[in-house]
Amino acid sequence: MPEQVFVHPLNPRAIRHTKSLGDAVGCIHLGIHLVRLAPGDESTQYHSHHAEEEFIYILSGRGLAEIGDDTVEVKSGDFMGFAPNSLAHAMSNPFDEDLVYLMGGTRLDYDICDYPKVNQRLYRVGEHRKWVDWNPSD
C-alpha cells in the first residue's frame, strides 16, 4: 500500500506519511492509520477535539509528545488516548530515525477542533470545513 503525504494546513512542518488501514478494509466509523514521521517533522498542529476520540500507539522510533503543558518522550510500546474535550496535543520527531505509530479514532459526521497556539477553530460537518479566528481565553 503506498503512503499518502499529508501536510497540515496550519503547520507546514507537520508532514505525515500515512497508510489508511481502516479505509483499506472498509471501516466506516473507525479510522486507523499507519503513520511515519521523518526526522524533523511534526504530526499535526497542537489541537484538541470536542467530539471525536483519538489514540496513538508507538510502533518504532522515538518522539516528543506535547500534551497540555507537558512534553514527554515516547517510544515503542507507548500508548496515548484522547477522549473528547481532553488536553490539546501534538507530536514531533527531533531524532535521527523515523517515528512510526498507529493513529486511530472515531469518524463522526461532525467535530469542532481547537488550535490554541494559532488561535484557530475548525468546524467540520461531513467534508465541509470552516476555519474561524478563536481566542482560547474567551
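For the structure, check the block above.
Computed from a predicted model, the values in this text were never measured in an experiment.

A. Seen up close, the overall build of the chain. Each helix and strand counted, the chain has 1 helix and 13 strands in total. Overall, the chain shows an N-to-C arrangement of helices and strands of β-β-α-β-β-β-β-β-β-β-β-β-β-β. Relative to its length of 138 residues, the chain is compact, with a C-alpha radius of gyration of 15 Å against a globular reference of 14 Å. Taken along its principal axes, the extent of the C-alpha atoms in the chain is 40 × 35 × 25 Å. The 138 residues of the chain split such that 39% are buried. Long-range pairs, those at least 24 residues apart, make up 58% of the contacts in the chain between residues at least 6 apart in sequence.

B. Local environment of unusual backbone geometry. In this structure, asparagine 85 takes a positive phi of about 65° despite not being glycine. Looking at the secondary structure, you find asparagine 85 in the loop between strand 8 (79-82) and strand 9 (89-92). Although it is not a glycine, asparagine 119 adopts a positive phi angle of roughly 55°.

C. Representation of the sheet that holds strand 4 (residues 48-49) within the structure. Ordered in space as 4-11-12-13, the 4 strands form an open sheet in which the pairing is antiparallel. The open sheet has two edge strands with one neighbour each: strand 4 and strand 13 (128-133). Pairing of strand 11 (residues 110-115) with strand 12 (residues 120-125), which is carried by 6 bridges, proceeds in the antiparallel orientation. If you follow cysteine 113 over to strand 12, its bridge partner there is leucine 122.

D. Structural context of the nonpolar core. Of all hydrophobic cores here, the largest spans 12 residues; its members are Val35, Leu37, Ile56, Ile58, Ala65, Val74, Met80, Phe82, Met91, Leu99, Tyr101 and Met103. At the level of secondary structure, the elements contributing two or more residues to this core comprise strand 3 (30-37), strand 5 (54-60), strand 8 and strand 10 (99-106). Ignoring sequence-local partners within four residues, the contact set of methionine 91 consists of Leu37, Glu42, Ser43, Ile56, Ile58, Leu64, Ala65, Val74, Met80, Leu99 and Tyr101.

E. Representation of the sheet that holds strand 9 in the model. Sheet architecture is open: 3 strands sit in the order 7-6-9, paired in antiparallel fashion. Strands at the two margins of the open sheet, each flanked by one partner only, are strand 7 (70-75) and strand 9. Here the strands of the sheet are splayed against their neighbours by 25° on average, with no regard to which way each runs. Both strand 6 (residues 62-67) and strand 9 contribute to a ladder of 4 bridges, which runs antiparallel. Within strand 9, the residue paired with alanine 65 across the bridge is methionine 91.

The rules we used
- Residues numbered from 1 in each chain as written.
- Predicted model: local features only at pLDDT ≥ 70, side-chain atom pairs only at ≥ 80, totals over all residues.
- Heavy atoms only, no water.
- Helix = DSSP H or I, 4+ residues; strand = E, 2+ residues; numbered from the N terminus.
- Rg over C-alpha atoms; globule rule 2.2 N^0.38 Å.
- Buried < 20%, exposed > 50% of the residue type's maximum accessible area, 1.4 Å probe, protein only.
- Contact = heavy atoms within 4.5 Å.
- Pairing = 2+ DSSP bridges.
- Core = buried A, V, L, I, M, F, W, Y, C linked by side-chain atoms within 4.5 Å.
- Axes fitted to C-alpha atoms, helices over the stretch in contact; angles between N-to-C directions.

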